[in-house]
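Topology and contacts: notes
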Amino acid sequence: MDDKLKVLISGCLLGQKVRWNLADKSSSSIKIFAEDNNIELVPICPENELFGTPRAPIRLIQIEDKLEARMKGRDVSQELNSKCQSIIEDSEADGFIGIHGSPTCGLNGGVKNLGRTVKGSMHALSEFPTTEISQLKNPQGKTAFLNRLVKHRQNSYNEQGGA
């Protein structure tokens, strides 16, 4: 078992200009946290992989009994969910760090006409621990996430017949 923890992370948090408007949300503190805790950060951006950058914003909206991710008036929910599932299945990751406000990488995304938030696809579809960068701003949040990563890694190792 490799000692380094592998954590997927919204690419914009590592300075990649993959947000819909070519912006990033670079976080130097997450890079330091990763280095200090033997974590490999693997940047991902489902929206960029599917639609490129720049792109029209994607908005979550409830229409009757269906949640849709609308981009230019078209529902792209299935495409987003499929891309996220593919990223998760191919990653062999121990965890994921997302960014608030993203339809796929946000932990609590607002939904028009619903009156509550929903988890973005990367959080909802993952079996490994997930969080948002905002929850890692203090030592307690960082420690809690790190503990969840280590526990998940150990449980996965034991399920695979490890010692």
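First, a word on what this report is: a plain description of the structure on this page. Computed from a prediction, not measured in an experiment: that's the story for all the values here.

1. Brief notes about the overall build of the chain
For the chain, the count of helices and strands is five helices and nine strands. If you list the helices and strands of the chain from N to C, you get β-α-β-α-β-β-β-α-β-β-β-α-β-α. For 163 residues, the compact-globule estimate of 2.2 N^0.38 gives 15 Å, and the chain sits close to it at 16 Å. The C-alpha extent of the chain, read off along each of the three principal axes, is 50 × 35 × 25 Å.

2. Overview of the sheet that holds strand E1 (residues 5-10)
Ordered by their spatial adjacency, four strands build an open sheet running E2-E1-E6-E9, and the pairing between neighbours is parallel. A strand with exactly one partner marks an edge of an open sheet, and here the two such strands are strand E2 (39-44) and strand E9 (130-132). Direction aside, the axes of adjacent strands within the sheet are offset by 25° on average. With six bridges connecting them, E1 and E2 associate as parallel partners.

3. A short note on the sheet that holds strand E5 (residues 74-75)
As summarised here, the arrangement of the three strands in space is E3-E4-E5, forming an open sheet in which the pairing is antiparallel. Every interior strand has two partners, whereas the edge strands, strand E3 (59-63) and E5, have only one. The pairing of strand E4 (residues 66-71) with E5 spans two bridges and is antiparallel. Following the sheet pairing, Arg 70 is matched in E5 by Asp 75. Across the sheet, helix H3 (residues 77-91) lies against E4 and E5, angled at about 90° from E4, the strand it touches most.

4. Regarding the pattern of salt bridges
In total, this model carries seven salt bridges according to the counting rule given. One connected set of salt bridges, linked through shared partners, spans Lys 66, Glu 68, Arg 70 and Asp 75.

5. Details of the layout of surface pockets
Reported here for the second largest pocket is a volume of approximately 260 Å³. Looking at the second largest pocket, it is lined by 18 residues, and the ones nearest its centre are Arg 19, Trp 20, Gly 101, Ser 102 and Pro 103. Grouping the constituent residues of the lining of the second largest pocket by class yields ten nonpolar, four polar and four charged.

6. Notes on the state of the cysteines
All told, the structure shown has zero disulfides when counted by the stated rule. With no disulfide of its own, Cys 45 lies 6.1 Å from the sulfur of Cys 105, the closest cysteine sulfur. Its relative accessible area of 11% is what places Cys 45 among the buried residues.

7. Section: the environment of Phe 145
Note that Phe 145 resides in helix H5 (residues 139-159). For the pair Phe 145 and Pro 129, spaced 16 residues apart in sequence, the C-alpha to C-alpha distance is 7.6 Å. Discounting chain neighbours no more than four positions away, the residues touching Phe 145 are Val 7, Phe 96, Ile 97, Pro 129, Thr 130, Thr 131 and Leu 136.

8. Notes on unusual backbone geometry
A cis amide bond links Thr 53 with the next residue in sequence, Pro 54, at an omega value of 0°. Positionally, Pro 54 belongs in the loop between helix H2 (46-51) and E3. Phi at Lys 72 takes a positive value of approximately 55°, unusual for a residue other than glycine. Assignment of secondary structure puts Lys 72 in the loop between E4 and E5. Exposure remark for Lys 72: the relative accessible area of 75% places this residue in the exposed category. The phi dihedral of Glu 92 is positive, around 50°, even though this residue is not glycine. Following the sequence through the fold, Glu 92 ends up in the loop between H3 and strand E6 (95-98). Residue classification places Glu 92 among the exposed positions, given a relative accessible area of 72%.

Cut-offs used in this document
Residues numbered from 1 in each chain as written. Predicted model: local features only at pLDDT ≥ 70, side-chain atom pairs only at ≥ 80, totals over all residues. Heavy atoms only, no water. Helix = DSSP H or I, 4+ residues; strand = E, 2+ residues; numbered from the N terminus. Rg over C-alpha atoms; globule rule 2.2 N^0.38 Å. Pairing = 2+ DSSP bridges. Axes fitted to C-alpha atoms, helices over the stretch in contact; angles between N-to-C directions. Contact = heavy atoms within 4.5 Å. Salt bridge = Lys/Arg side-chain N within 4 Å of Asp/Glu carboxyl O. 1 Å grid on protein atoms, 1.4 Å probe; cavity = no way out; pocket = protein on both sides within 12 Å on 5 of 7 lines; lining within 4 Å. Points joined across faces, edges and corners; volume = space filled by probe spheres on them. Nonpolar A, V, L, I, M, F, W, Y, C, P; charged D, E, K, R; others polar. Disulfide = S-S within 2.5 Å. Buried < 20%, exposed > 50% of the residue type's maximum accessible area, 1.4 Å probe, protein only.

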